[in-house]
Amino acid sequence: MKVGLFFGSFNPIHIGHLIIANYIIENTDLTTIWFVVTPQNPFKNKSTLLKDHYRLEMVNLAIEKYPNFKSSSIEFTLPKPSYTIDTLVILKEKYPSYEFALLMGEDNLNTFHKWKNYDQILKYHSLFVYPRIDVIQKETAIVHPHIHKISAPIIEISSTLIRTMIKEHKNVRPMLPPEVFNYIDGSNLYK
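Residues numbered from 1 in each chain as written. Predicted model: local features only at pLDDT ≥ 70, side-chain atom pairs only at ≥ 80, totals over all residues. Heavy atoms only, no water.

Turning to the nonpolar core, a few remarks are in order. If you look at the biggest cluster of nonpolar residues, it comprises 38 residues, and the most contacted ones within it are Phe6, Ile13, Ile33 and Phe35. Contributing elements (two or more residues each) for this core: helix 1 (15–27), strand 2 (32–37), helix 2 (52–63), strand 4 (99–105), strand 5 (126–130), helix 6 (159–167) and helix 7 (178–187). Considering each element in turn, this core owes the most residues, 6 residues, to helix 2. Apart from the residues lying within four places of it in its own chain, the contact partners of isoleucine 33 are Gly4, Phe6, Ala21, Ile24, Ile25, Asn68, Phe69, Lys70 and Leu103. (Core = buried A, V, L, I, M, F, W, Y, C linked by side-chain atoms within 4.5 Å. Buried < 20%, exposed > 50% of the residue type's maximum accessible area, 1.4 Å probe, protein only. Helix = DSSP H or I, 4+ residues; strand = E, 2+ residues; numbered from the N terminus. Contact = heavy atoms within 4.5 Å.)

As structure tokens, this is what we get:
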């Protein structure tokens, strides 16, 4: 089985995440995509991060109608901050017959050389890189046969924008899967 790992805070998950994941599953040889909910990204501030169980529940609500999508809480039990290489080692031990690949935005490719053991990730795993608007490839960006740039739609929706709009009492309904909007609205999250 070929599994694409879509790591993210998903704070909250939005339609942009689903559009990208759906494009990748339909246009690559991946058989499934796992949304790996990250407790703490080593490169991000945790102060605005909703509790893990809320974000996992929103991912589950968002993907329930997509048979090729699955959520993963694997990083909830790992030391913080979470490093991708450590998660990959655990997943490979748990699922030795699976082939894991990473999904990442083009902006992350520019800093990939700063990731813990990035060379080991590239040695054993493919990267599917989707475009981001206004990202200029830096000289430090890695070129490797396991890096596959894909022409997925460019989505300008961000979780940060959604959280800001909610605080400002603006309508975010079109940016979220309906189940996620109802969950956020009913729980008064991000207000």
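Strands in a sheet are paired, the pairing made by backbone hydrogen bonds, and the direction either parallel or antiparallel. Taken in spatial order, the 6 strands make up an open sheet running 3-2-1-4-5-6, and their pairing is parallel. Every interior strand has two partners, whereas the edge strands, strand 3 (69–72) and strand 6 (147–149), have only one. If you compare each strand with its neighbour and ignore which way they point, the axes differ by 30° on average. Where strand 1 (residues 2–8) meets strand 4, 5 bridges bridge the pair, whose relative direction is parallel. (Pairing = 2+ DSSP bridges. Axes fitted to C-alpha atoms, helices over the stretch in contact; angles between N-to-C directions.)

Inspection of the secondary structure assignment puts threonine 38 in the loop between strand 2 and helix 2. Judged by its relative accessible area of 8%, threonine 38 is buried. The residues contacting threonine 38, other than those within four sequence positions of it, are Phe7, Gly8, Ser9, Arg55, Glu75 and Ser82.

On to the packing of aromatic side chains. Enumeration according to the criterion identifies 14 aromatic pairs in this entry. Ring plane angle 35° and centroid distance 5.4 Å describe the contact between phenylalanine 6 and phenylalanine 35, whose orientation is recorded as tilted. Of this pair, phenylalanine 6 sits in strand 1 while phenylalanine 35 is found in strand 2, placing the two residues 29 residues apart along the sequence. Given a relative accessible area of 0%, phenylalanine 35 falls into the buried group. With a centroid separation of 5.0 Å and 20° between ring planes, the pair formed by tyrosine 95 and tyrosine 98 is classed as stacked. Judged by relative accessible area, which is 21%, tyrosine 95 ranks as partly exposed. (Phe/Tyr/Trp six-rings, centres within 6.5 Å; stacked < 30°, edge-to-face > 60°.)

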